[in-house]
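The residues making up each chain are set out below.
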Amino acid sequence: MSQVLAVLSQLGIELEPQLYRLAVTHRSWAYENGGVPTNERLEFLGDAVLGVVVTEYLYLTYPREPEGILAKLRAAVVNAQSLAAVARSLDLGHELLLGRGEATTGGRDKASILADTLEAVIGAVFLQHGIASAGLFVHALFDPVVADAATLGAGLDWKTSLQELSAMLALGVPTYQVSESGPDHDKRFEAFAVVSDELYGPGHGLNKKQAEQEAAAAAFAALKKLWDSQHTAVAGGIGA
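For every chain, the first residue of the written sequence is number 1, and numbering continues from 1 onward in sequence order. Where totals are concerned, whole chains, interfaces and linings use all residues; where local detail is concerned, this predicted model gives features only for residues with pLDDT of at least 70, and gives and counts side-chain atom pairs only at 80 or more. Think of the side-chain values as coming from all heavy atoms in the structure, minus any hydrogens and water.

Chemist: Please clarify how the nonpolar core should be interpreted in this entry.
Modeler: By nonpolar core is meant a set of buried Ala, Val, Leu, Ile, Met, Phe, Trp, Tyr and Cys residues that side-chain atoms within 4.5 Å join together. In this scheme, a residue with accessible area under 20% of its type's maximum is buried, one over 50% is exposed, and one in between is partly exposed, where area comes from a 1.4 Å probe on protein chains only. Of all hydrophobic cores here, the largest spans 47 residues; its most connected members are V4, L118, F137, L141 and F142. Elements with a minimum of two residues in this core: α1 (3-10), α2 (17-23), α4 (40-61), α5 (67-77), α6 (80-89), α8 (111-129) and α9 (131-149). Segments assigned H or I by DSSP are reported as helices when at least four residues long, segments assigned E as strands when at least two residues long, and all are numbered from the N terminus. Per-element accounting of this core gives the leading share, 10 residues, to α8. Once residues within four sequence positions are removed from consideration, F142 is found in contact with L50, V77, L83, V86, L118 and I122. Throughout, a contact is declared for two residues whenever any of their heavy atoms are within 4.5 Å.

Encoded structure:
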């Protein structure tokens with residue numbers, strides 16, 4: 001059993017096999033197999049469900065925070081990088097039905113594809129079982145992400161948090177290298193965060209901002225390990 005279905009089973013939720021198959025069907029597979037239905041409509045549905053469930057959770061969990069902070073906190077949770085990280089933890093990439101070209105170019109680990117597929121699975125749960133079950137699934141996956149996002153700092157976004165951490169490490173101000181590909185109606189962006197001449201990423205997105213946020217998240221994770229190791233060493237030295 002896949003990890004996604006295992007989590008659902010633990011929550012007492014069973015998905016119809018054909019519905020789950022639809023949720024993991026990327027358009028590249030559909031194109032190569034005679035134009036079968038794709039997961040894009042389920043993704044559309046799941047995106048809305050995820051937003052509602054997370055928004056309600058933030059509203060109830062942080063009763064003293066103003067609307068602006070709640071909006072930034074939601075944006076730090078409901079983004080392609082966060083969704084892709086959750087999808088990777090479930091090994092969702094191996095469940096994907098991808099076309100040959102997409103599969104051979106790293107599609108199973110592409111953040112945008114993983115994020116969209118996870119939203120499609122959420123949409124499938126909602127479609128078959130309703131908002132209560134979809135909410136259980138979202139909470140199981142994203143409550144820890146909310147807790148982590150609350151530690152991001154005043155900016156509540158990866159670029160701001162990376163800038164704060166980079167300053168604390170005396171590494172200067174991060175910059176970004178961004179490239180774009182694809183036709184005008186379907187642009188794709190790739191970004192790397194540059195901190196003290198080191199590249200972190202890549203981040204991917206449908207716009208420059210999204211790609212830069214993903215790259216910043218990768219850089220933040222790497223530099224946070226450096227920060228933690230330095231302070232662990234300092235604490236050990238003091239206690240010696």
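Chemist: I would appreciate a short explanation of the sheet that holds strand β3 (residues 198-205) in the present structure.
Modeler: To summarise the sheet geometry, strands pair through backbone hydrogen bonds and adopt either a parallel or an antiparallel arrangement. Spatial ordering of the open sheet is given by β1-β2-β3, a layout of three strands whose pairing is antiparallel. Each of the sheet's edge strands pairs with one partner strand only, and the pair in question is β1 (175-181) and β3. Taken over all neighbouring pairs, the strand axes of this sheet differ in orientation by 20° on average, direction set aside. Pairing of strand β2 (residues 188-195) with β3 involves six bridges; the strand directions are antiparallel. Across the sheet, the residue bridging to V194 is L199, located in β3. Any two strands with at least two DSSP bridges between them are considered paired. Helix axes are fitted to C-alpha atoms over the stretch in contact, other axes to C-alpha atoms as well, and angles between N-to-C directions run from 0 to 180 degrees.

Chemist: Is there a simple way to explain α5 in this structure?
Modeler: Three- or four-residue spacings in an α-helix give side chains the same orientation, since the helix completes a turn every 3.6 residues. Burial in α5 covers these residues: L70, L73, A76 and V77. Axial view of α5: buried residues confined to an arc of 120°, hence all on one face. Think of it as the arc spanned by the lines of direction from the helix axis to the C-beta atoms.

Chemist: Help me out: how do you make sense of the packing of α4 against α5 in this one?
Modeler: Helices that pack against each other are described as a pair by the angle of their axes relative to one another and the distance between those axes. In contact at an axis separation of 10 Å, α4 and α5 are set at 135° when each is read in the N-to-C sense. One element, α4, and the other, α5, form an angle in the oblique class. Handedness of the α4/α5 crossing: right-handed. Only L70, L73, R74 and V77 of α5 make contact with α4, whose side of the interface consists of V54, T55, L58 and Y59. Residue composition of the contact of α4 with α5, by class: six nonpolar, one polar and one charged. Orientation is classified from the angle alone, with under 35 degrees giving roughly parallel, over 145 giving roughly antiparallel, 65 to 115 giving roughly perpendicular, and any other angle giving oblique. In this scheme the handedness of a crossing depends on how the near helix is turned from the far one: anticlockwise by less than a right angle means left-handed, clockwise means right-handed. Polarity classes work like this: nonpolar for Ala, Val, Leu, Ile, Met, Phe, Trp, Tyr, Cys and Pro, charged for Asp, Glu, Lys and Arg, and polar for all others, with Gly in that last group.

Chemist: Help me out: how do you make sense of the packing of α5 against α9 in this one?
Modeler: The interhelical angle for the contact between α5 and α9, taken along N-to-C directions, is 125°, at an axis separation of 9 Å. The pairing of α5 with α9 is recorded here as oblique in orientation. Classified by chirality, the crossing of α9 by α5 is right-handed. In contact with L73, A76 and V77 of α5, α9 contributes F142, V145, V146 and A149. In terms of residue class, the contact of α5 with α9 is built from seven nonpolar, no polar and no charged.

Chemist: Honestly, the pairing of β2 in this entry has me stumped. Any pointers?
Modeler: One face of the sheet, then the other: side chains in a regular strand alternate in exactly this way. Pairing of β1 with β2 involves seven bridges; the strand directions are antiparallel. When the bridges of β2 are listed, Y176 appears paired with A193. The hairpin formed by β1 and β2 contains six residues between the paired strands, and G182 there has a positive phi angle of roughly 95°.

On their own, these measurements won't tell you what the molecule is for.
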